[in-house]
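Residue strings, one per chain:
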Amino acid sequence: MTGGDGQSFAVVVFLGFVAVSLLLCGLAAADLDDPEHFYAGGGAAFGPVGGGLAIAGDYISAATLLSTTGAVALDGADGMLFAGATVLSLFLVMRILGEPLRRAGVFTLGDFLADRLDDPSVRRALGVASLFVLTPLLLVQLTTAGRILAAMFGLPDGALTACTIAGGALMIAYAAIGGMRGVGYVQILKVGVVLIALALLAGIVLARYGWSPLALFDAARDRSGAGTAYGRPGLHFGPSLAGRLDLISFQATLLIGAACLPHLTMRLHPLKDALTARRAVGWAVGPVAVVCTGVVVAGLGACALIGRDAIRAADPGGATALLMVTGALDPVAGGARHSMLFAVVACAVFATTLAAVAGITLAAASSLTRDLGRRSAHGAKNSSAAGEIRRARLGIVAVGVVAVVLSAALADRGRLTLISLSFTVAASVLAPVLLYALFLPRWSATGVRWTVYGTIPLIVLLLTGSPAVTGSPLAVFPDHDLHWFPLQTPGLITIPVGFLLGLVGRPRSRATSPQQVWQERVTVGRGRSEWP
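A quick note: this is a predicted structure, and the numbers were derived from the prediction, not measured.

Basis of the calculations
- Residues numbered from 1 in each chain as written.
- Predicted model: local features only at pLDDT ≥ 70, side-chain atom pairs only at ≥ 80, totals over all residues.
- Heavy atoms only, no water.
- Helix = DSSP H or I, 4+ residues; strand = E, 2+ residues; numbered from the N terminus.
- Buried < 20%, exposed > 50% of the residue type's maximum accessible area, 1.4 Å probe, protein only.
- Contact = heavy atoms within 4.5 Å.
- Areas by Shrake-Rupley, 256 points an atom, 1.4 Å probe, with all protein chains shown as cover.
- Salt bridge = Lys/Arg side-chain N within 4 Å of Asp/Glu carboxyl O.
- Core = buried A, V, L, I, M, F, W, Y, C linked by side-chain atoms within 4.5 Å.
- pLDDT = per-residue confidence, 0-100.
- Axes fitted to C-alpha atoms, helices over the stretch in contact; angles between N-to-C directions.
- Parallel < 35°, antiparallel > 145°, perpendicular 65-115°, else oblique.
- Left-handed = near helix turned anticlockwise from the far one by under 90°.
- Nonpolar A, V, L, I, M, F, W, Y, C, P; charged D, E, K, R; others polar.
- Phe/Tyr/Trp six-rings, centres within 6.5 Å; stacked < 30°, edge-to-face > 60°.
- Expected span 1.5 Å × (residues − 1).
- Arc of directions from axis to C-beta.
- Patch = residues over 30% accessible without salt bridge, like charges linked within 9 Å, V, L, I, M, F, W, Y side chains within 5 Å.

A. View of the overall build of the protein chain. The secondary structure content of the protein chain amounts to 20 helices and zero strands. When burial is assessed residue by residue, the protein chain has 57% of its 532 residues classed as buried. For the protein chain, long-range pairs separated by at least 24 residues make up 82% of all intrachain contacts whose partners lie at least 6 apart in sequence. Of the roughly 20100 Å² of accessible surface on the protein chain, a fraction of 66% belongs to carbon and sulfur atoms.

Here is the structure:
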């Protein structure tokens, strides 16, 4: 194998993925003649198989591939717990929320809550919460896409801004041209690319250790320098009381928050019936479980072949471990970027980030135009279908441009802090709102506003005073230590507060007859067994 083969192959695969993706979005654009097609992909267009794979594609992000691999490589058992929580979270959302969130003519969480509570005033609050969740994720994914693109083409760090702009232009094109259906096609294609790449990588790693997972784990533990602690929970945050609480907080935030991400719930609304929702569970959870298994194997292989100290020296959070292990498995002259294995894995990571930012951008623009824009009392159209689609596309361009500018300005600073903010808001705000709206009788828009406007400021306050901002190597300002809150992830405090505020804001009635109780139970159960 010559030095240039891998890099040339990476360029060919990258251009091929982009060309096929744009073609699929162009084909989908032919049917985007009304908001139903643009926002929801035309109802049950994908069916249970395509719908499940599209949901899996939305769920698999750069954090799943890069950060979780790094966590496994650096922290052993903790990283495995994070991977397990990722799979369990998707399973819970599909089983608990998959059927109740089905609703015709509903495209965002604001749409759903306005219809569910029969109060359009909740739209603005849900729009604010959705943007707090989606914007940090979008910035992280865009920065990752820029770095992977620069690595594939062998460009210097000075080209990162140009690569980020290029990735942003592609994501705007995918979302604006193809809408939900086009992005869904890209997600399905991405799932196939990622499964092939990780299966190949995991197979090569296991082959090095006689196809024995135990031998692989023993080798990783020996090279970790942490001894038996590598196989026990607690290495990531430390053995102190604060570290143990931080681990619990992070696990709870990941488990609950990942289940309520707006770009994921947006995929659940078009599911046609309960049977489709149940069948989509396996097609959504199965690929994610396979990907997370491959991530665990790759993380252990990175630690076993490279060593924990070398991985941490390259990136304190271990985000480069997935790409570093390809160089150890396929060493060639000129560095890792010239290997064929690096080319395959890098293209899979770039496909993941590109598809993820397209889905997040579409969800953010939908919230911006539908939830924060001017709407009539019951969500009826204020103008023609063509006008609404035009506004949606303008919203996509606006969100994309702002995200590209902010990503270029922030570069890689505060990556983990942004992810923590996003998942904490999802777990502490969107989870109580959704669960109360679905299962708590007599819950109203007042509870929504209490939860949103009471919990988000608390999250921002606690994060600002946490080691995620100052006082740790992965902080936004690692050279300063001004933290006063001990936990890096405040979910242990903010999740209970979010649920409590939702109850405090619940209106109280003087008396409720048995007939009213029965009617409320029927209302709460609406949407589980029928296509409204």
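Okay, back to it.
B. Region of the structure containing the pattern of salt bridges. Taken as a whole, this structure holds six salt bridges when the rule is applied. Across the pair Asp 315 and Arg 415 runs a salt bridge, and its minimum N-O distance is 3.5 Å. Highlighted residues: Asp 315 in the loop between α13 (308–314) and α14 (321–329) and Arg 415 in helix α17 (residues 415–439), separated in sequence by 100 residues. Beyond isolated ion pairs, a larger network of salt bridges with shared partners links Asp 111, Arg 123, Arg 370 and Asp 371.

C. Quick look at the nonpolar core. Among the nonpolar cores identified, the biggest contains 158 residues, and Leu 65, Leu 90, Met 94, Leu 113, Leu 201, Leu 322 and Val 448 are the most heavily contacted of them. With 19 residues, helix α15 (residues 340–371) is the largest single contributor of residues to this core.

D. How the structure looks around the confidence of the model for the protein chain. Considering every residue of the protein chain, the mean pLDDT works out to 83; 89% of them sit at 70 or more. Of the regions scoring below 50 in pLDDT, residues 376–382 engages in 10 contacts with residues more than four places distant in sequence or in other chains. Here residues 510–532 is modelled with pLDDT under 50, and outside its nearest four sequence neighbours on either side it reaches 39 contacts, counting other chains as well.

E. Local environment of the packing of helix α7 (residues 122–152) against α17. α17 packs onto α7 with a crossing angle of 155° between their chain directions and a minimal axis gap of 8 Å. By the criterion of interaxial angle, the relationship of α7 to α17 is roughly antiparallel. Crossing handedness for the pair α7 and α17: left-handed. Where α7 abuts α17, its residues Leu 126, Ala 129, Phe 132, Val 133, Pro 136, Leu 137, Leu 139 and Val 140 lie against Arg 415, Leu 418, Ile 419, Leu 421, Ser 422, Phe 423, Val 425, Ala 426, Val 429, Leu 430 and Val 433.

F. Region of interest: the packing of helix α3 (residues 47–59) against helix α8 (residues 160–208). Running from N to C, α3 and α8 cross one another at 75°; their axes reach a closest spacing of 8 Å. Taken together, the axis directions place α3 and α8 in an arrangement best described as roughly perpendicular. Within the contact between the two elements, α3 uses Gly 50, Leu 53, Ala 54, Ala 56, Gly 57 and Asp 58 and α8 uses Gly 184, Gln 187, Ile 188, Lys 190 and Val 191. In terms of residue class, the contact of α3 with α8 is made up of five nonpolar, four polar and two charged.

G. Molecular detail of helix α6 (residues 109–117). Within α6, eight of the nine residues are buried, which leaves it mostly tucked inside the rest of the structure. Among the residues of α6, Leu 109, Gly 110, Asp 111, Phe 112, Leu 113, Ala 114, Arg 116 and Leu 117 are the ones counted as buried. In the stretch just after α6, Asp 118 is the one whose phi turns positive, near 55°.

H. Summary view of the packing of aromatic side chains. Per the stated rule, a full pass over the model turns up six aromatic pairs. On the basis of an interplanar angle of 55° and a centroid distance of 6.0 Å, the ring pair of Phe 237 and Phe 250 is categorised as tilted. Remark: Phe 250 occurs in helix α10 (residues 241–257) and Phe 237 occurs in the loop between α9 (213–224) and α10; sequence separation between them is 13 residues. Given the relative accessible area of 26%, Phe 250 is considered partly exposed. Aromatic rings pair up to connect Phe 82, Phe 237 and Phe 250 into one cluster.

I. View of α9. Spanning 12 residues, α9 covers 16 Å between terminal C-alpha atoms, matching the ideal 16 Å at 1.5 Å per step. Considered for burial, the residues of α9 that qualify are Leu 216, Phe 217, Ala 219, Ala 220 and Ser 224. For α9, the angular spread of buried residues about the axis comes to 160°, placing them on one side. Seen from the buried face of α9, the exposed residues on the opposite side, beyond 90 degrees, are Leu 214 and Asp 222. Its buried side turned inward, α9 meets α5 (77–97), α8, α12 (274–306) and α13.

J. Geometry of a nonpolar patch on the surface. A grouping of Leu 241, Leu 245, Ile 248, Leu 492 and Ile 493 is seen on the molecular surface, where their side chains present a nonpolar patch of about 420 Å² in accessible area. Of all elements in the fold, only α10 and α19 (491–504) reach the threshold of two or more residues within the nonpolar patch. Looking at the nonpolar patch, the element that brings in the most residues is α10, giving three residues. Secondary-structure assignment places Ile 493 in helix α19. Of the residues examined, Ile 493 reaches a relative accessible area of 37% and is grouped as partly exposed.

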